[in-house]
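Architecture at a glance
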Amino acid sequence: MPHTYNGPYEDQELNHLAYPMGGIGAGMICLEGAGALSHVSLRGQPDVHAEPLMYAALSVQSPQGRVARVLEGPVPRWKVYGPPEAGNGLPGTDYGLPRFDRAAFQDRFPFGKVVLSDGQLPVAVEITGWSPFVPGDPDASSLPVAALEYSLRNTSNQPLEAVFSFHARNFMASPDPAQPIHPESAVLKTNGGFTLWQPGSEAQPWGQGAFSAVVDDPETHVNCAWFRGGWFDAPTMVWKSIEDGAAIDGPPLTEDDPSPGGSLYVPLNLAPDENRTLVLRLAWHVPQTNLRLGNDQEDAPACCTCSGTHTPWYAGFLDDIEAVNRYWRTHYADLRSRTQAFTDCFYDTTLPDEVVEAVAANLTILKSPTAQRQTDGRLWLWEGCCDTRGCCHGSCTHVWNYAQAIPHLFPSLERTLRETEFFVNQDERGHQAFRASLPIRPPAHDFHAAADGQLGGIMKVYREWQISGDELWLRRIWPKVKQSLDYCIETWDPDHRGILVEPHHNTYDIELFGANGMCTSFYLGALQAACQMADALGDDVFLYSELLERGTPYMESELWNGEYFIQQIQWKGLRAADPTESEAWNVSYSPEARELLQEEGPKYQYGNGCLSDGVLGAWIAAMCSVDEFLDANKVRGHLTSVHQYNLKHDLAEAGHTNPQRPTFALGREGGLLLCTWPHGDALSLPFVYSNEVWTGIEYQVAAHLMLIGEVENGLEIVRVLRNRYNGPDRNPFDEYECGHWYGRALASYGLLQGLTGARYDAVEKTLYLEPRIPGDFRAFLATATGYATVGVQDGEPFIEVKQGTLPYERLVYNRKGDV
């Protein structure tokens, strides 16, 4: 049976389900579908396979005797043979302990709920895991905390005595259960719980770290002194205490041999049908990381803000683990209330379930190690997460072009990305390094600029101005925008034809030679955005408007093949060097490749292919509220061709061949291919990812189809994509490409605008509602000053502000699209 979109996950759908909890740039712990805690990544880097010995348990004394269970469902079968070192039986796990018979999982971002049931235990259990997420308040959303709320209900007709407990090996001191813990580590008692602590050193200050587990209950007992011994002594004695229904108090050990872990116990008395909820607050504090990325400029001066390694934002806000615990305890009710208010508003919608699921599932990226945040508040991003390290550093401009969630939910954070691009990563020529260093500092300009990334940034400056309404910010960044666009013109369009002809680097990690729909649409969109910003600021940019007037008809005629936009491959007669001599990443020309060059042109182009990103610049422009600049009918023709030719419901049946990276979609699965050659004229060596399926590109095509009124075609793409992320084979909350929690997947947020046409122009103080769906509807809208439910009721537009303000002076309601 296919998964029910936006519905509960059960049975095999729980296999790979892991739900991120944590703050933006603050680290992550995942709540798995069956209730386990895993992917523990608290030190600035991901650790996808980290599942330390850490679990909650319940011991119940009933008339039938005492029964003890780990508060988790069955162990997913892939773990039996899947993790590293599985051949040795996986010591150091809780997999062999009794647990509940069944589990189900329901997400309502950022809340994930596990429901446990067991015929032998007269207690129904619900576990709600969450961490603060408050749109418009990045600080509240960047805390190193998570909570697990255990709701326990007596399902019998007899009173029950029970003991709830939580246990954790000191994984801060030694992540590897096969290795001894740090001799100077400690398990310390804190108010209502315990803290796992590891010291740092002068040579490795990033070794310091602390993790706390706390329950606010006056009956809580805390044991900081686990049994010490060899083999499996410690976990055996911990489970014995659980089976016995004990509630142990044990002071911190002061001897040289530290405690292996810590436990807390809460005795309970439950009357028939009584429900009791215990709140377990998790917190951590790792004040320094070992992250330092990017090449420095020669003779670059050291400064206090950019020397050393990355320090997370929260470490500049909260001094130590006790400060985190106090803040979490004091503000818990308020943070939960504000987070719940967002959740209630977001899910108060009538939009299709597959869209709601796709948007919400990918917001978890903001809780993963993909995001980092400096103590000065600036955001910095990986592309995604490898298993034990970040993947592809530097808030990569051409990847994060696609992402639409942050500018609407946390616009102040998104503006820091623009400020890094234009004020830090851009040199006096206007060349932008498309990867930012960490700590953020001026980079070495030792590689190509990325045409799509740099031009996309210009459109995004326009978007940030529209969202914020801050003209002073626009005036401050405007000279840098012109400098950037002038560089793009002179580098890739030196003859001022209005098209990009010279080789230009892009998101496919290669250089495209000659004019093409993808990057020319970026160029024209950037020119259009620049003209609109110049007009608002009273600046004269005649060259930009002239290039726009030249480039638009060229793209619409010379790059249009009657069905879709193509590439005109050109490598001779350019100012650039011969492709065999030009600087390129991971590109070489063997003798046979040189022979192919003479026949087909440079390696890694797309020529007459139908490229899913073929009008990407037009979609970015639409998302940024830039005026249309291309023939709407031809844009529609391109997108419908992409849907016709590139969307496959069954790759095996389609006979699809992929010698590149196949596991994003393979076999009987479906997906939107990056490129196809419907007329049989494929290049021998097209661009290196052309046979793949990429999350994010699927979403931008789907959202763009919706924008032009092709709603059902867009929804079809979303359904095919989300059918891959259904649980049995992949984590529904981890759409990956070059790493887990891949940033491009945040393009899914654009589906909201694609369906509703809802946006707020803070410059004109105008609320636009231009739905592409028929009839009445309700949907979520976030702005820089608040969020609301917007929609149509009884044929009339409405707005219900739920948080903050939305100071519109005019509402423009216009039904559009195929309705």
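Now for a quick tour of the structure. (Residues numbered from 1 in each chain as written. Predicted model: local features only at pLDDT ≥ 70, side-chain atom pairs only at ≥ 80, totals over all residues. Heavy atoms only, no water.)

Attention now goes to helix H13 (residues 591-600). For H13, every residue scored as buried is listed here: Ala-593, Leu-596 and Leu-597. Down the axis of H13, the smallest arc covering the buried residues is 110 degrees, so these residues share one side. Summarising the geometry of H13, the exposed residues directed more than 90 degrees from the buried face are Pro-591, Glu-592, Glu-595, Gln-598 and Glu-599. Two residues or fewer past H13, Gly-601 is found with a positive phi of approximately 100 degrees. (Buried < 20%, exposed > 50% of the residue type's maximum accessible area, 1.4 Å probe, protein only. Helix = DSSP H or I, 4+ residues; strand = E, 2+ residues; numbered from the N terminus. Arc of directions from axis to C-beta.)

We now examine the side chain of Asn-170. Among the structural elements, Asn-170 can be located in the loop between strand E11 (160-169) and strand E12 (186-190). A distance of 3.4 Å separates a polar atom in the side chain of Asn-170 from the backbone oxygen of Ala-186. (Polar contact = N/O pair within 3.5 Å; in protein donor to acceptor, adjacent residues only side chain to side chain.)

Let us now look at the pattern of salt bridges. For the structure shown, the criterion picks out 46 salt bridges. Arg-441 is the partner of Asp-296 in a salt bridge, and the nearest nitrogen-oxygen pair spans 2.5 Å. In this pair, Asp-296 is assigned in the loop between strand E17 (275-285) and helix H3 (313-317) and Arg-441 in the loop between helix H8 (411-424) and helix H9 (451-468), connecting sequence segments 145 residues apart. By relative accessible area, which is 38% here, Asp-296 ends up partly exposed. Measuring nitrogen to oxygen at the nearest pair gives 2.9 Å for the salt bridge that ties Arg-475 to Glu-471. (Salt bridge = Lys/Arg side-chain N within 4 Å of Asp/Glu carboxyl O.)

Enumeration over the complete set of coordinates arrives at 35 aromatic pairs. When the centroid spacing of 6.5 Å and the interplanar angle of 15 degrees are considered together, the rings of Phe-166 and Phe-194 count as stacked. Of this pair, Phe-166 sits in strand E11 while Phe-194 is found in strand E13 (residues 193-198), placing the two residues 28 residues apart along the sequence. Like Phe-166, the residue Phe-194 is buried in the burial classification. When the centroid spacing of 5.7 Å and the interplanar angle of 40 degrees are considered together, the rings of Phe-780 and Tyr-787 count as tilted. Each of the two residues, Phe-780 as well as Tyr-787, counts as buried. The rings of Phe-109, Phe-133, Phe-342, Phe-346, Tyr-347, Phe-410, Phe-780 and Tyr-787 are connected pair by pair, giving a single aromatic cluster. Against the face of Tyr-589 rests Lys-603, its NZ or CZ located 5.3 Å from the ring centre. Lying across the ring of Tyr-768, Arg-759 places its NZ or CZ 4.1 Å from the centre. (Phe/Tyr/Trp six-rings, centres within 6.5 Å; stacked < 30°, edge-to-face > 60°. Lys NZ or Arg CZ within 6 Å of the ring centre and 35° of its normal.)

Mapping Gln-374 onto the fold places it in the loop between strand E18 (371-373) and strand E19 (379-381). Judged by relative accessible area, Gln-374 falls into the buried class, the value being 5%. When the C-alpha positions of Gln-374 and Gly-65 are compared, they lie 54 Å apart, and in sequence the two are 309 residues distant.

Attention shifts here to the packing of helix H10 (residues 471-492) against helix H11 (residues 517-537). Between H10 and H11, whose axes approach to 11 Å, the crossing angle comes to 140 degrees. Taken together, H10 and H11 sit at an angle that is classed as oblique. Both H10 and H11 take part in a crossing whose hand is left-handed. Counting all contacts with H10, which are made through Glu-471, Leu-474, Arg-475, Trp-478, Val-481, Leu-485 and Ile-489, the residues of H11 involved are Tyr-523, Ala-526, Leu-527, Ala-530, Met-533, Ala-534 and Leu-537. Taken together, the residues of the contact of H10 with H11 sort by class into twelve nonpolar, no polar and two charged. (Axes fitted to C-alpha atoms, helices over the stretch in contact; angles between N-to-C directions. Parallel < 35°, antiparallel > 145°, perpendicular 65-115°, else oblique. Left-handed = near helix turned anticlockwise from the far one by under 90°. Contact = heavy atoms within 4.5 Å. Nonpolar A, V, L, I, M, F, W, Y, C, P; charged D, E, K, R; others polar.)

By themselves, these figures tell us nothing about what the structure is for.
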